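# An overview of the molecular structure
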Amino acid sequence: MSNDDSRAPIAIHVVILTLNESIHIARCIESCKNQVESVTVIDSGSTDGTIEIAEKLGAEVISHPWKNYATQLNFGLSALVTRGGWLMRIDADEVLDPATPCSLSETVSQAGDDCDGILVQRRIYFLGRRIRYGAIEPSWQLRLWRNGRGRCEQRWMDEHVIVSGNVQKSGVIISDINLNSLTWWTAKHNQYASREAIDLLNARFKFLRTDKLPAFGASPQARARRFLKEKVYLRTPAGVRTIAYFLYRYFVRLGFLDGRPGFYFHVLQGLWYRSLVDAKIFEIEKLAKQKGVPIAKAIKDRTGFVVDEN
């Protein structure tokens, strides 16, 4: 909270997307509810008590069918646009880390008049250990922005919030501490691989409209990583690039210092996942060629995702 008592506190509204997050949702809401004016959960059909837990903790719950993350988040932003103030996006399996040196209110009150977005540090925990190396940290993400000044770029994977004005870094820390099993984690990343395959196929076949990160109004780190992915990684032959990427993360960027949990994380997230994305692309393109069908139809056949502009 600002020390200037002559100024009214700046309202901050939290948005959380959920689907069966009963294991996480209370922890997430409780980590930030005392620093914000409202918490809104956009739920896509939970049946495990997520809705009841959220409502009991004072959150507003809005049900909306799921298409992809960008569409769901933008729906939530539209629902809150009249509330003013600032918005904060946090995932259900994340928490506002108590190590954050300043309050959310202090953070937004220090934003310049030309600043529409605030970058926070995101930390990842895997098998009980914080993953610090392998180019994982620092991870700067745009998670706080002026209400009505931001939107999520339309992509199936690796989507980012874009704001109208400038962005600045903060001391806010959000930690991803997922409590589900490794079996759940691999199933989730299997879905992620399908979504990323859609984006990469679309980059080649142009069957969907997508947004691009602007020169301003987005995380500079996100822009740099997007550039390297599109201009370097994707121009390297499949197979070669996945192995090279893992070796870069694990040895060049010192991923081995993350210990045994880090070894599993870098192998699974840096090698297995990236190989799975390439394998899905190969499978979809092969089916489309063999059956003489559009890529979008082959995507639906192999992944179950319907890709259209609606």
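Keep in mind the model is a prediction, meaning the values are calculated, not measured.

## Examining the nonpolar core
By size, the foremost hydrophobic cluster in this structure holds 28 residues, and its most contacted members are I12, V14, I16, M88 and L104. Where this core is concerned, the elements lending two or more residues are β1 (12-18), α1 (25-32), β2 (38-43), α2 (50-56), β4 (86-89), α4 (104-109), β6 (115-126) and β11 (166-177). Per-element accounting of this core gives the leading share, 4 residues, to α1. If sequence neighbours within four positions are ignored, L104 has contacts with I12, Q35, V36, M88, L96, L144 and V172. Y192, A193, I198 and A288 belong to the second-largest nonpolar core, a separate cluster that totals 21 residues.

## Some thoughts on the packing of aromatic side chains
Going through the model one piece at a time under the given rule, you end up with 10 aromatic pairs. Taking 6.2 Å as the distance between ring centres and 80° as the angle between the ring planes, the aromatic pair formed by W66 and Y69 counts as edge-to-face. The structure contains a cluster of three or more aromatic residues connected by ring pairs, namely F246, Y250, F251, F256, F263 and Y264.

## Things to note about the confidence of the model for the protein
Across the protein, the average pLDDT comes to 92, with 96% of residues at or above 70. Taken together, the stretch residues 1-6 has pLDDT below 50 and engages in 7 contacts with residues farther than four places along the chain or on a different chain.

## Things to note about the environment of V108
With respect to the element layout, V108 can be found in helix α4. Exposure remark for V108: the relative accessible area of 3% places this residue in the buried category. C-alpha separation for the pair V108 and I12, spaced 96 residues apart in sequence, amounts to 8.7 Å. In contact with V108, other than residues within four places in its own chain, are I10, I12, W86, I118 and L144.

## Describing helix α9 (residues 295-303)
Along α9, the residues that are buried comprise I295, A298, I299 and T303. Along the long axis of α9, the arc covered by the buried residues comes to 105°, so they all point the same way. Exposed side chains of α9 directed beyond 90 degrees from the buried face belong to K297 and K300. The secondary structure elements touched by the buried residues of α9 are α5 (182-205) and α8 (259-291).

## Quick notes on a nonpolar patch on the surface
A cluster of nonpolar side chains, namely Y133, I243, L247, Y248, F251, V252, L254, F256 and L257, defines an oily patch on the protein surface of about 810 Å² accessible area. Relative to the assigned elements, Y248 resides in helix α7 (residues 240-252).

## Quick look at α7
The periodicity of an α-helix, 3.6 residues per turn, causes residues three or four positions apart to be oriented the same way. Along α7, the residues classified as buried are R241, T242, F246, R249 and Y250. Each buried residue of α7 lies within a common arc of 150° when the element is viewed along its axis, so the set occupies one face. One or two positions beyond α7, positive phi appears at L254, with a value near 65°.

## Considerations on unusual backbone geometry
Omega for the bond connecting E137 with P138 falls within 30 degrees of zero, at -5°, which places this linkage in the cis form. Counting through the fold element by element, P138 comes out in the loop between β7 (129-130) and β8 (140-146). Of note in this structure, N20 is not a glycine but carries a positive phi near 55°. You can call N20 partly exposed: its relative accessible area is 35%.

## Quick look at the pattern of salt bridges
Within the structure shown, the criterion is met by 19 salt bridges. Note that R155 and D199 form a salt bridge whose closest N and O atoms lie 3.9 Å from each other. Highlighted residues: R155 in the loop between β9 (150-152) and β10 (161-163) and D199 in helix α5, separated in sequence by 44 residues. In terms of burial, R155 and D199 fall into one category: buried. Sharing partners across several salt bridges, the network here consists of E94, R122, R143 and D176.

Thresholds, definitions, all that
Residues numbered from 1 in each chain as written. Predicted model: local features only at pLDDT ≥ 70, side-chain atom pairs only at ≥ 80, totals over all residues. Heavy atoms only, no water. Core = buried A, V, L, I, M, F, W, Y, C linked by side-chain atoms within 4.5 Å. Buried < 20%, exposed > 50% of the residue type's maximum accessible area, 1.4 Å probe, protein only. Helix = DSSP H or I, 4+ residues; strand = E, 2+ residues; numbered from the N terminus. Contact = heavy atoms within 4.5 Å. Phe/Tyr/Trp six-rings, centres within 6.5 Å; stacked < 30°, edge-to-face > 60°. pLDDT = per-residue confidence, 0-100. Arc of directions from axis to C-beta. Patch = residues over 30% accessible without salt bridge, like charges linked within 9 Å, V, L, I, M, F, W, Y side chains within 5 Å. Areas by Shrake-Rupley, 256 points an atom, 1.4 Å probe, with all protein chains shown as cover. Salt bridge = Lys/Arg side-chain N within 4 Å of Asp/Glu carboxyl O.

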